[in-house]
Amino acid sequence: MERQHILWLEDTGLEDLPRVGGKNASLGEMIRTLTAEGVQVPGGFALTAEAYREVVQANGLEPRIRELLEHGRGGGLPLRETGERIRRLFLDAPFPPPLVDAVAAAYAELARRTGTTDPAVAVRSSATAEDLPEASFAGQQETFLNVCGVDGLVDACRRCFASLFTDRAISYRALKGFDDLQVALSVGVQLMVDSASGSSGVMFTLDTESGFPDAVVVSATWGLGETVVQGTVDPDKYVVFKPFLDDDRLVPVLERTVGAKEVKLVYGPNAGSPTALVETSPQERRALVLTDAEVLRLARWAAAVERHYGTPMDLEWAKDGPTGELFIVQARPETVQARRSATRFTVHHLEESGRALATGAAIGDAIVAGEVCVIRSAADIGSFRDGAILVAEMTDPDWGPVMKRAAGIITDHGGPTSHAAIVSRELGVPAVVGTGSATRDLPDGGVVTLSCAEGEVGHVYAGRLRWRTEEVDLERLPRTRTKVMVNVASPAAAFRWWRLPVDGVGLARMEFIITEAIRIHPMALVHPERVDSAEDADRIRELTRGYDDPREYFVDRLATGLGKLCAPYHPRPVIVRLSDFKTNEYAHLLGGRAFEPAEENPMLGFRGASRYDDDRYREGFELECRALRRVRERLGFTNLAVMVPFCRTVPEADRVLAAMAANGLVRGQDGLLVYMMCEVPSNVVLAEEFARRFDGFSIGSNDLTQLVLGVDRDSEILARQFDERDPAVESMIADVIRRAQAAGITVGLCGQGPSNHADFAEFLVEAGIDSMSLNPDSVLRTIPVIAEAEQTAVTGGHVGHG
């Protein structure tokens, strides 16, 4: 049968993988099936695997390749020399004339279709064993960009064929059990998207670290996208909530993080140097690469691809500079999280603190400790010590053999979609990438602990710290009648706990977002003229750069942070507590000293509900309300409920509800639920009065205990007397549970008491509490305690839930 050298991408699909390889088959599948849904993929053609085999056969390469491989496996040749000799065989092998004619004819047709003489094309390797669900083969073969002319195209195709035998590709096939001579290579020739003057990046249709399936994570940088994959830039990052993408009224962008983007890859000066790495301008470094509309379009395309393939996807995209058009240029199955169980997983807990030496993006969720081994270039890989923690500026596929020998990996550059991150995930090796200066800051031979168990931010600590590992099988957890909820605060750790079998969030603290993501006192954004520190004023201007109105900085940061806390639990309720800083804590925010009084006892001072309609904070509270409305109305999380803290009197409750309503947060409107922290004795004494104004109570056991017993909860001297199990405190708790339920509202408790004390959990169950809200890392060990307490209450004949 006559061999077919060329197939147009629109005539191929997944069934053609043996002929055109995974990359080309996927491109053809998208062009053929998803163009109607608006997904744009650049057109082109493929040199088939038959073309590759014809080159091998016509030049008698197979026996020579086999001999070199066997010689290398037997130890007669180092891997580097084996690969180099095989590649030279291909580079010296002429293409048969019929193949050259076929390539020239297809290129001429591409020129006719585009109306150009020598259209610029991207020439990509597409191996018949790549982009499979069980093995990604990402970055194993070569890609050549901005190729023009038939001669240049034929040369690029020859180089692609040779790249089937890069050192890293030979090693990877051996690792995955593929026969080198059974794998063939197709070449994709695709119209070049001019992202050199535009932008490009990578997308995943799940959160790559936690496996949270309802997120689309987009990385973006200026110029050609190879810098993102290689890890030479720290790209922008965007996170989108996938379930809301079908609603055009919403803008469910949960995160926009500006990356450093210090360099970009652009077209080079001539055919001999088709690309060049150049520095970006200060304006490019500060600016976001994509608009919200562009992020949403890409996310919708990614979701469409995922639906079609029926599996999480890893995609590359590009934006054409001259036209502004977006394109998908590659799509492959995600190969790490997709294989993990949703019900069985491992949780790592750091049990002591240490001095932080470096931070970056956390890859994986494990903790390791070991000696630092700094490797400054691939040429020095031979000096790596097995089991050490590899520290490098960045990695590329040539580093693969040494990465699998490392206990952990730390890089100066790169983001969650860089080569170091992708390979670390696949190997199951924890990594912290994009630290900025680890190769300078971490001493070679020093012992460090690398922790990826604290959310999206990975930490490197001095010394060997203690940690523990917990194996979880959710299917074996008992069911409870009492609702179990979680307390959350950090958006960076939000997705980590998405698998927990909880009924929602009983307490979402906004203070962490204000402290870590905003850092500025809200009143300093409303009245910058009153900030009395020049240093603070300069820092505020720097942080709010890019916002026409500095108040929007606060609203945007708080809204996206809260949205990220809501996402993993949607549509389950997420109860967000209004800010409850004490005045001394507020004063530590940038610009805060100008707006906060010095109080003798801030714990009992100007905090909680008393602030919200007071002239000293009213305008700051308006910003909180704007952010909460945005989460519900623009991001779409109507599962967000609001909770009022430290409300001392009934008139104060009325004033707070009125202030909320004046800012568009009306209890009962559009399903808005408003709760109250029950943490002041007056809340118990007047339970029925408060119950008429709120949809539920959440018992704050720390404040209630200190106020019932008159014990300062921060006093070391009185620490042994501070106990929520004191009969007086338990009497108050049991009383308010009974009276709240009699008034027709729910009542829960947020705190660690049930986790720390089984007898307290049993007391709460006996009292008939509706829910307990716990820190995420204690949920799994506390559920069996609650279940046992429920069983004891039933067999003992105690009263159940109200």
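About the thresholds
Residues numbered from 1 in each chain as written. Predicted model: local features only at pLDDT ≥ 70, side-chain atom pairs only at ≥ 80, totals over all residues. Heavy atoms only, no water. Helix = DSSP H or I, 4+ residues; strand = E, 2+ residues; numbered from the N terminus. Rg over C-alpha atoms; globule rule 2.2 N^0.38 Å. Buried < 20%, exposed > 50% of the residue type's maximum accessible area, 1.4 Å probe, protein only. Contact = heavy atoms within 4.5 Å. Areas by Shrake-Rupley, 256 points an atom, 1.4 Å probe, with all protein chains shown as cover. Pairing = 2+ DSSP bridges. Polar contact = N/O pair within 3.5 Å; in protein donor to acceptor, adjacent residues only side chain to side chain. Axes fitted to C-alpha atoms, helices over the stretch in contact; angles between N-to-C directions. Parallel < 35°, antiparallel > 145°, perpendicular 65-115°, else oblique. Left-handed = near helix turned anticlockwise from the far one by under 90°. 1 Å grid on protein atoms, 1.4 Å probe; cavity = no way out; pocket = protein on both sides within 12 Å on 5 of 7 lines; lining within 4 Å. Points joined across faces, edges and corners; volume = space filled by probe spheres on them. Nonpolar A, V, L, I, M, F, W, Y, C, P; charged D, E, K, R; others polar. Core = buried A, V, L, I, M, F, W, Y, C linked by side-chain atoms within 4.5 Å. Lys, Arg positive; Asp, Glu negative; His and termini not counted. Salt bridge = Lys/Arg side-chain N within 4 Å of Asp/Glu carboxyl O. Disulfide = S-S within 2.5 Å. Phe/Tyr/Trp six-rings, centres within 6.5 Å; stacked < 30°, edge-to-face > 60°. Lys NZ or Arg CZ within 6 Å of the ring centre and 35° of its normal. pLDDT = per-residue confidence, 0-100.

Take the overall build of the protein chain next. Secondary structure assignment for the protein chain yields 27 helices and 30 strands. In terms of overall size, the protein chain behaves like a compact globule, its C-alpha atoms giving a radius of gyration of 30 Å where 802 residues would be expected to give roughly 28 Å. When its C-alpha atoms are laid out on the principal axes, the protein chain stretches across 95 × 55 × 50 Å. Every one of the 802 residues in the protein chain was classed for burial, and the buried ones make up 59%. When contacts within the protein chain are restricted to residue pairs at least 6 apart in sequence, long-range pairs at least 24 apart make up 70% of them. When the accessible surface of the protein chain is summed, it comes to about 31,600 Å², and 49% of that surface belongs to carbon and sulfur atoms.

Take the pairing of strand β20 (residues 447-451) next. By the criterion of burial, β20 is predominantly enclosed, with four of the five residues buried. Pairing of β20 with strand β21 (residues 457-462), which is carried by four bridges, proceeds in the antiparallel orientation. Across the sheet, V448 pairs through a bridge with A462, a residue of β21. The hairpin turn running from β20 into β21, its antiparallel successor, is five residues long, and G455 in that turn takes a positive phi close to 105 degrees.

What follows concerns the side chain of S418. Following the sequence through the fold, S418 ends up in the loop between β18 (408-411) and α12 (419-427). At 2.8 Å, the side chain of S418 forms a polar contact with the backbone oxygen of G415.

Packed helix pairs are specified by the crossing angle of their axes together with the interaxial distance, meaning the distance between the axes. The contact between helix α24 (residues 727-742) and helix α26 (residues 758-767) brings their axes to 9 Å, and the two run at 30 degrees. Comparing the axis directions of α24 and α26 gives the class roughly parallel. For the pair α24 and α26, the sense of crossing is right-handed. Residues E730, I733, A734 and I737 of α24 pack against F760, F763, L764 and A767 of α26.

Our focus in this paragraph is the sheet that holds β18. Remark on secondary structure: sheet strands pair via backbone hydrogen bonds, oriented parallel or antiparallel. Strands sit in the order β15-β19-β18-β17-β16-β20-β21 around a closed barrel of seven strands; the barrel is mixed. Going across the sheet, the axis of each strand differs from the next one's by a mean of 35 degrees, ignoring polarity. Pairing geometry for strand β17 (residues 389-392) and β18, over four bridges, is parallel. Along β18, the bridge assignment pairs I389 with G408.

A few words on empty space enclosed by the protein. Over the atoms, a rolled probe matching the size of one water molecule traces out where space is still vacant. In total, this model carries four cavities of 30 Å³ or more according to the counting rule given. Estimated volume of the second largest cavity: approximately 180 Å³. When contributions to the lining of the second largest cavity are tallied by element, the ones reaching two or more residues are β3 (121-127), β5 (185-191), β6 (199-204), α8 (226-230) and β12 (313-319). Split into classes, the residues belonging to the lining of the second largest cavity amount to eleven nonpolar, five polar and three charged.

Another aspect to go through is the nonpolar core. Of all hydrophobic cores here, the largest spans 111 residues; its most connected members are V644, F697, I699 and I733. With eight residues, helix α17 (residues 550-566) is the single largest residue contributor to this core. With sequence-adjacent residues up to four places away left out, I699 is seen in contact with C678, L704, I733, V736, I737, V747, G748, L749, C750 and I769. With 44 residues, the next largest nonpolar core counts L61, L68, V121 and V189 among its residues.

This part takes up the side chain of R632. Looking at where R632 falls in the secondary structure, it is placed in helix α19 (residues 618-635). D670 provides the closest opposite charge to the buried, salt-bridge-free R632, at an N-O distance of 5.7 Å. Here D670 takes part through its backbone oxygen, which lies 2.7 Å from a polar atom of the side chain of R632. With residues up to four places along the chain from it excluded, the contact list for R632 reads F637, T638, L640, Q669, D670, G671 and L672.

Take helix α7 (residues 167-176) next. In terms of residue burial, α7 counts as a mostly covered element, since seven of its ten residues are buried. Where α7 is concerned, the buried positions are D167, R168, A169, I170, S171, Y172 and R173. Against α3 (61-73), α4 (79-91), α11 (400-403) and α12 lie the buried residues of α7.

Strand order in the closed barrel formed by eight strands is β23-β24-β25-β26-β27-β28-β29-β30, with parallel pairing between adjacent strands. Across the sheet, the axes of successive neighbouring strands diverge by a mean angle of 30 degrees, strand direction being ignored. Relative to strand β29 (residues 746-750), strand β28 (residues 696-700) is paired through five bridges, and the arrangement is parallel. If you follow F697 over to β29, its bridge partner there is V747.

All right, on to the state of the cysteines then. Between two cysteines, a covalent bond joining their sulfur atoms is known as a disulfide. Enumeration according to the criterion identifies zero disulfides in this entry. The thiol sulfur of C160 is not disulfide-bonded, and the nearest other cysteine sulfur, from C157, lies at 6.3 Å. With no disulfide of its own, C452 lies 18 Å from the sulfur of C373, the closest cysteine sulfur.

What follows is about the pattern of salt bridges. This model, assessed by the stated rule, comprises 60 salt bridges. Residues E470 and R468 are paired through a salt bridge, measuring 3.8 Å at the closest nitrogen-oxygen approach. Residues participating in the shared-partner salt-bridge network are E10, E109, R112 and R113.

Turning next to unusual backbone geometry. Following H570, the chain continues into P571 via a peptide bond in cis, with omega recorded as 5 degrees. Within the secondary structure layout, P571 lies in the loop between α17 and β25 (574-577). Here R519, not a glycine, exhibits a phi torsion of approximately 70 degrees, which is positive. Tracing the backbone through its elements, the reader meets R519 in the loop between α14 (511-518) and α15 (522-526).

Before going further, it helps to examine the packing of aromatic side chains. Summed over all chains, the structure comprises 15 aromatic pairs. Between the aromatic rings of F212 and F495, the centroid separation amounts to 4.6 Å while the plane-to-plane angle is 35 degrees, which identifies the pairing as tilted. Residue F212 is located in the loop between β6 and β7 (215-222), and its partner F495 is located in the loop between β23 (483-488) and β24 (505-509); the two are separated by 283 residues in the primary sequence. Like F495, F212 is buried. Summarising the aromatic geometry, the rings of Y612 and F621 are spaced 4.5 Å apart at their centres and angled 20 degrees between planes, so their arrangement reads as stacked. Y612 sits in the buried class, given a relative accessible area of 0%. Given a relative accessible area of 1%, F621 falls into the buried group. Three or more aromatic residues joined by ring pairs form one cluster here, namely Y52, F90, F95, F161 and F165. The aromatic ring of W8 is capped on one face by R113, whose charged end is 3.9 Å from the ring centroid. The ring of F606 carries the charged tip of R616 above its face, separated from the ring centre by 4.8 Å.

Another aspect to go through is the environment of G696. With respect to the helices and strands, G696 occurs in strand β28. Its relative accessible area of 0% is what places G696 among the buried residues. Distance in space between the C-alpha atoms of G696 and V747 is 5.6 Å, their sequence separation being 51 residues. Contact partners of G696, with chain neighbours within four places excluded, come to V674, Y675, M676, I745 and T746.

Of all residues in the protein chain, 97% have pLDDT values of 70 or greater, and the mean over the chain is 92. Confidence drops under a pLDDT of 50 for residues 130-139, and excluding neighbours within four residues, the segment shows 35 contacts in the predicted structure.

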